[in-house]
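# Chains, contacts and geometry: an overview
Single-letter residue listing:
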Amino acid sequence: MRECVSTARISVPINGSPTEEFSPQKGLRQGDPLSPLLFNLVVEALNILFQRAMELNLLKGVSIGFNQVRLSHLQFADDSLLFCEAELSEVLALKRIPRCFEVASGLKINYHKSVVCGVGILIFELAVFASLLNCKTQTLPLKYLGLPLGANPRRKKTWQPVIDKFKLRLAGWKRRLLSFAGRLILVKAVLSSLPVYFLSLYRLPEGVAKIGFWNDNWCGNICLKDEFPQIYRLSLNKDGLLKDFVDVSGPTKHWVFTFRRPLFNWEKSELLRLTTTLYPTPILNLEAQDSAVWSEAIAGQSLVSVFYNHTSIAHRSCNHPIRLVWKVWTGLLKWWGTTWVVPNSVPNLLLWWSVYDCRKSEHRIWNAIPLVTLWSIWKHRNECLFKASSPNLQELQELIVTRISIWLKATSTKLHFSINDFMYNISAVRHCINEA
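A brief structural summary. This structure is a prediction, so every number in the text was calculated from the model and none was measured.

Scoring rules and cut-offs
- Residues numbered from 1 in each chain as written.
- Predicted model: local features only at pLDDT ≥ 70, side-chain atom pairs only at ≥ 80, totals over all residues.
- Heavy atoms only, no water.
- Axes fitted to C-alpha atoms, helices over the stretch in contact; angles between N-to-C directions.
- Helix = DSSP H or I, 4+ residues; strand = E, 2+ residues; numbered from the N terminus.
- Parallel < 35°, antiparallel > 145°, perpendicular 65-115°, else oblique.
- Left-handed = near helix turned anticlockwise from the far one by under 90°.
- Contact = heavy atoms within 4.5 Å.
- Nonpolar A, V, L, I, M, F, W, Y, C, P; charged D, E, K, R; others polar.
- Expected span 1.5 Å × (residues − 1).
- Buried < 20%, exposed > 50% of the residue type's maximum accessible area, 1.4 Å probe, protein only.
- Phe/Tyr/Trp six-rings, centres within 6.5 Å; stacked < 30°, edge-to-face > 60°.
- Lys NZ or Arg CZ within 6 Å of the ring centre and 35° of its normal.
- Patch = residues over 30% accessible without salt bridge, like charges linked within 9 Å, V, L, I, M, F, W, Y side chains within 5 Å.
- Areas by Shrake-Rupley, 256 points an atom, 1.4 Å probe, with all protein chains shown as cover.
- Salt bridge = Lys/Arg side-chain N within 4 Å of Asp/Glu carboxyl O.

## Some thoughts on the packing of helix α14 (residues 346–355) against helix α15 (residues 363–386)
Here α14 crosses α15 at 160°, and the two axes come no closer than 9 Å. The angle between α14 and α15 falls in the class roughly antiparallel. Helix-helix and strand crossings are classified by hand; for α14 and α15 the assignment is right-handed. For the pair α14 and α15, the contacting residues are Leu-350, Trp-352 and Trp-353 in the first and Trp-366, Ile-369, Pro-370 and Leu-374 in the second. Class assignment for the residues of the contact of α14 with α15 results in seven nonpolar, no polar and no charged.

In structure tokens:
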């Protein structure tokens, strides 16, 4: 590891021009691939100190399972979870062990970010321990590595972070930068994996998986909350399930609504429109468990084949705003000083690009343009999808030119031009290259 750090040489671009190479003097910085390896080597000393304290009975830790496995601490990178009995001697040992580690390693423990949590002890005792450890107190549930430890998995509140993640993802996908087939792939690849982390520890309760009357698209393809906003605002049961609004005690089903005040005449008209919308819904079996069923499923046909056929049709008839990306190619050709009709597909574009007649001295720059452009467009598209950013084609074009110049300057010592020269005076750059 020392050899990797001491023999490395780096160069920093300043005003578009790289400086002379120099050796780093401050060791590893945060984000370096070697940092986790070095941290694991150092933090192993803390693990040894806790094991030694257990052997000397300075710490009892906690006993887990039928085999009574003794556990004193859990470590994940720099997040540590320490266990001890609610005794003054063990709390003192719990403070002295990290202090010894600080002296030996030079690392510092941030007690302002640390909390002490008690289970089955009085509040004033917990306050005494917190004062001794110089940190704050906290009650269960305790969040560790993104999971609420000590939370009741049967309560809906525990699963609210998972639901919020779903809403955040779906909000970014509503920008319609993908076809139906693309959205389906995202649902299968991304949404299906979001609750996996929680499900590795907790079992999903029925209340989270059930269908909400106002919030879920169970009535065709509409959300009743958005279709009837005034009725939704007056409802007393905004988070109610589907079964809470229907009465099937008689031969026919009846919809039951409770409002916070009597409805005006025009609001009664909206309620009538709501009940008319609900009338064609199929017979509901309130005894059965709620489940999600795709409306395009066909009896006797495999789900995979239905997915394939449906997404293929949707993909062929799709007309989404991603076609605006061709304006970037037109802008790059204009920047190069060429006016041309851009081909209608990527293979035809690359074929035309490879046979374009330009001078031999310019081939290096010309061949770099499609590589950097395709990569930048893909990266910009992912930012729009997963980070909810807005498409900005002008900014994307400037970023492509900047990346082209940085890449060329980093791979060749013969191009003595700044980024501004590439961006705003490419004709002069081409002229100098051809005259050289």
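Past the structure itself, the notes keep going.
## Re helix α16 (residues 393–411)
Along its 19 residues, α16 runs 27 Å from first to last C-alpha, staying within 8% of the 27 Å computed at 1.5 Å per residue. Residues of α16 that are buried: Leu-396, Gln-397, Ile-400, Val-401, Thr-402, Ile-404, Ser-405, Leu-408 and Lys-409.

## Thoughts on the packing of aromatic side chains
Scanning the entire structure with this criterion turns up 16 aromatic pairs. On the basis of an interplanar angle of 70° and a centroid distance of 5.8 Å, the ring pair of Trp-329 and Trp-353 is categorised as edge-to-face. Placement of Trp-329 in helix α13 (residues 326–336) and of Trp-353 in helix α14 is noted, with a sequence separation of 24 residues between them. Pairwise contacts between aromatic rings join Phe-213, Trp-214, Tyr-232, Phe-245, Trp-255, Phe-257 and Phe-259 into one cluster. Between the NZ or CZ atom of Lys-238 and the centre of the ring of Tyr-232, over which it lies, the distance is 5.8 Å.

## Section: the environment of Val-91
Examined against the element boundaries, Val-91 turns out to sit in helix α3 (residues 88–105). You can call Val-91 buried: its relative accessible area is 4%. For the pair Val-91 and Leu-132, spaced 41 residues apart in the sequence, the C-alpha separation amounts to 8.1 Å. Ignoring sequence-local partners within four residues, the contact set of Val-91 consists of Cys-84, Glu-85, Phe-129, Leu-132 and Leu-133.

## Let's talk about unusual backbone geometry
Cis peptide bonds are those with omega within 30 degrees of zero, and the linkage from Leu-140 to Pro-141 qualifies with 5°. Non-glycine residue Asn-57 carries a positive phi angle of around 60°.

## Side note on a nonpolar patch on the surface
On the surface, Ile-10, Val-12, Ile-14 and Phe-22 cluster together into a nonpolar patch covering about 320 Å² of accessible area. Assignment of secondary structure puts Ile-10 in the loop between α1 (2–6) and β1 (13–14). Given a relative accessible area of 37%, Ile-10 falls into the partly exposed group.

The values are spatial; any link to function lies outside them.
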